[in-house]
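Fold and geometry: a report
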Amino acid sequence: MRFWAGLDWGVYHHDLAVTDDAGNPVVQLRVTNDLHGLNAALNALREVRRNRRSIPIAIETGRGLMVAGLRQAGQTVVVLNPTRVANYRNRWSAQPKKSDRQDALLLANILRVDGHVQPVQPQPSVHAQAVQEMARAHRRTVQSATLTSQRLRSLLHSYFPAAVTAWAGYDGGITRREARVILSAAPTPTQAARLTPTKLRALLVGGGRIRLVAAQADRLHALFTTRQLRQPVELEETMGQIALTLLHQLDTHLAIGEQQLAQLQELFDRHPHAEVYRSFPGMGTVLAARMLGELGDDLSRFPDPRSLRSFCAAVPITWASGTATKISHRRKVNPVLATIGYRWAFSALTRSQGVRDLYDHRRGCGDGHAAALRRVYARLLNCLHHCLRHATVYDEDAAFPATADEG
């Protein structure tokens, strides 16, 4: 007799359920989210597992100490998509209901009935998991910095628009170091108007500017001393204090981002697959590390190029019913991989003639910009799958031979 298990996870405790071949519950218990709870769950599984065969455990997350402990103990952990689990709930009950105890039993039954159609569970190395954690942390920091800069820009528009237009045509805008230094010294229009060209030159140098310092200082002085609409003095000073707080937050996010980027690069460079990823056109350190983190380094996870393209949302979906047929791109995808695909394909346009020719060919066939980039992304994923399988770097001539069918 075979058994299947389900674990409904929580922050402080988890519910474990084990079913037999007929779907009858054999074990149902609640365990705490600590070492004692892990041992209790393993002991319960050992009592059922008389044939010494590992009991597969279904769970809706692949993260957490309990999952790590189960895997280290040799248990097979199958991660199920929460959306698919929610759809199964209607299948098992006419009136949808939810409880942790029943959800654990539901997970076990999903594995019992449809376990054979669940995707292959990856077994990434600890190194690849470390790259994933750092890449995700860096991505969150970048998003926080972007959100803070947007809040700062919106605030400045409401009382100090000259500060926004001062660096509007420059890379980074108000996130530039020189802009942040000057705004920290003069967060209000009144204070900015008092800055002399000499003081502005000193601030620009302190902000890292080397070229055209005097010209930039004169330009900013003229801009800050020009008459403009103003808020009442007391309100202006209050907004200036808020701007200083946002500037401090932005400085912190940017500093943390730089530190995490250095750590991410160091982690990624030590991985055996780093050379393969770096060899591809348009693939920088950040994109490569994020892709490695999301794909992992278990080569058995994607047995063929199509499985890799499907996971990365580079395979279209076909809806066919009667005489109607509709082909569209996937929308329910990993947002990280979707962003990577667009940026990677777009960056490769200027770094690979084969990529450029494929893009132009698809545009000539009627594809839009995004659709043509998805075609490029799919071709690059084919190449990535081949290079990882054969431990070889990217070869432009092999990827885009002269006789290749560009369709």
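Structural notes, computed from the coordinates. (Residues numbered from 1 in each chain as written. Predicted model: local features only at pLDDT ≥ 70, side-chain atom pairs only at ≥ 80, totals over all residues. Heavy atoms only, no water.)

Digging into the sheet that holds strand β4 (residues 57-59)
The condition that has to hold: DSSP-based pairing: two strands are paired if at least 2 bridges between them are found. Helical segments are the DSSP runs of H or I of at least four residues, strand segments are the runs of E of at least two, and each set is numbered from the N terminus. In this analysis an axis means a line fitted to C-alpha atoms, helices contributing only their contacting stretch, and an angle means the value between N-to-C directions, from 0 to 180 degrees. Contact criterion: two residues are considered in contact whenever any of their non-hydrogen atoms come within 4.5 Å of each other.
Read across the open sheet, the five strands follow the order β3-β2-β1-β4-β5; overall the sheet is mixed. A single partner strand is all that each edge strand has here, and the edge strands are β3 (25-32) and β5 (77-79). Within the sheet, the average angular offset between the axes of one strand and its neighbour, ignoring direction, is 20°. Relative to β3, strand β2 (residues 13-19) is paired through seven bridges, and the arrangement is antiparallel. Each residue of the ladder has a partner; that of V18, found in β3, is V27. Along the sheet, helix α4 (residues 100-114) makes contact with β1 (4-8), β2, β3, β4 and β5, crossing β1 at roughly 140°.

Overview of the packing of helix α11 (residues 233-269) against helix α13 (residues 285-295)
Heads up, the rule is: Two helices crossing with the near one rotated counterclockwise from the far one by less than a right angle form a left-handed crossing, whereas a clockwise rotation gives a right-handed crossing. Side-chain classes are defined by residue name, with Ala, Val, Leu, Ile, Met, Phe, Trp, Tyr, Cys and Pro counting as nonpolar, Asp, Glu, Lys and Arg as charged, and the others, Gly among them, as polar.
Where α11 contacts α13, the two axes come as close as 10 Å, and the packing angle between them is 65°. Helix-helix and strand crossings are classified by hand; for α11 and α13 the assignment is left-handed. Contacts from L261, L264, Q265 and F268 of α11 reach α13 at T285, V286, A288, A289 and L292. Partitioned by chemical class, the residues of the contact of α11 with α13 number seven nonpolar, two polar and no charged.

Remarks on empty space enclosed by the protein
Applied cut-off: Site definitions follow a grid-based scheme: protein atoms alone, a 1 Å grid, a 1.4 Å probe that fits but cannot get out for cavities, and for pockets an open set with protein on both sides within 12 Å along at least five of seven lines, plus lining residues having an atom within 4 Å of a point. Grid points are joined across faces, edges and corners, and a volume is the space filled by probe spheres set on the points.
Summed over all chains, the structure comprises six cavities of 30 Å³ or more. Here the largest cavity defines a volume of roughly 110 Å³. The leading source of residues in the lining of the largest cavity is helix α17 (residues 369-390), at three residues. In terms of residue class, the lining of the largest cavity is made up of six nonpolar, two polar and three charged.

Considerations on the packing of aromatic side chains
The description of an aromatic ring pair rests on the distance of the ring centres and on the angle between the ring planes. Selection rule: The rule is short: rings of Phe, Tyr and Trp, with Trp giving its six-membered ring, pair when the centres are within 6.5 Å, and they are stacked under 30 degrees, edge-to-face over 60, tilted in between. Buried, partly exposed and exposed residues are distinguished by accessible area as a fraction of the type maximum, computed with a 1.4 Å probe on protein chains only: under 20%, between the cut-offs, and over 50%, respectively.
Going through the model one piece at a time under the given rule, you end up with eight aromatic pairs. Centre to centre, the rings of F160 and F224 are 5.8 Å apart; their planes meet at 50°, and the pair counts as tilted. A residue pair is termed long-range when its members are at least 10 positions apart, and F160 in the loop between α5 (126-159) and α6 (161-165) and F224 in helix α10 (residues 213-224) qualify at 64 residues. Pair check on accessibility: F160 and F224 agree, each one buried. With a centroid separation of 5.4 Å and 55° between ring planes, the pair formed by F302 and F311 is classed as tilted. Taking the relative accessible area as the measure of exposure, F302 reaches 9% and is therefore buried.

Topic: the layout of surface pockets
Each pocket or cavity is described by its volume, and for the largest pocket that value is around 1,900 Å³. Along its surface, the largest pocket is lined by 45 residues, and V79, P122, R301, F311 and N334 are the ones closest to its centre. Looking at the lining of the largest pocket, the elements with two or more residues in it are α2 (65-72), α3 (82-92), α5, α13, α14 (305-311) and α15 (335-348). When residues of the lining of the largest pocket are assigned to their parent elements, the largest contribution, six residues, is made by α5. Taken together, the residues of the lining of the largest pocket sort by class into 18 nonpolar, 16 polar and eleven charged. Estimated volume of the second largest pocket: approximately 480 Å³.

What about the pairing of β2?
Burial within β2 is extensive, with six of its seven residues counted as buried. Sheet topology places β1 next to β2; five bridges connect them, and they run antiparallel. Counted as the bridge partner of G6 is A17 from β2. The turn joining β1 and β2, which pair antiparallel and follow one another in sequence, is formed by four residues. Counting the residues in the hairpin turn of β2 and β3 gives five residues, including G23, whose phi is positive at 85°.

Section: the side chain of E294
The topology assignment puts E294 in helix α13. Looking at E294, the relative accessible area reads 8%, which means it is buried. The contact partners of E294, leaving out residues within four places of it in the chain, are Q132, R136, R301, F311, N334, V336 and L337.

Some words on the pattern of salt bridges
Note the cut-off: One speaks of a salt bridge when a side-chain nitrogen belonging to Lys or Arg is within 4 Å of a carboxyl oxygen belonging to Asp or Glu.
All told, the structure shown has 13 salt bridges when counted by the stated rule. Close ionic contact of D269 with R278 constitutes a salt bridge, the shortest N to O distance being 2.5 Å. With a relative accessible area of 34%, R278 lands in the partly exposed category. One continuous salt-bridge network, built from bridges that share partners, spans D15, R30 and D100.

Here's the deal with the packing of α5 against α13
Put simply, the test is: Should an angle lie under 35 degrees it is considered roughly parallel, over 145 roughly antiparallel, and from 65 to 115 roughly perpendicular; all remaining angles are considered oblique.
Where α5 meets α13, the closest approach of the two axes is 8 Å, and the angle between their N-to-C directions is 125°. By the angle class used here, α5 and α13 are oblique. The chirality of how α5 crosses α13 is left-handed. Mapping the contact onto sequence places A128, V131, Q132, A135, R136, H138, R139 and V142 in α5 and V286, A289, R290, L292, G293 and E294 in α13. Looking at side-chain class alone, the contact of α5 with α13 contains seven nonpolar, three polar and four charged residues.

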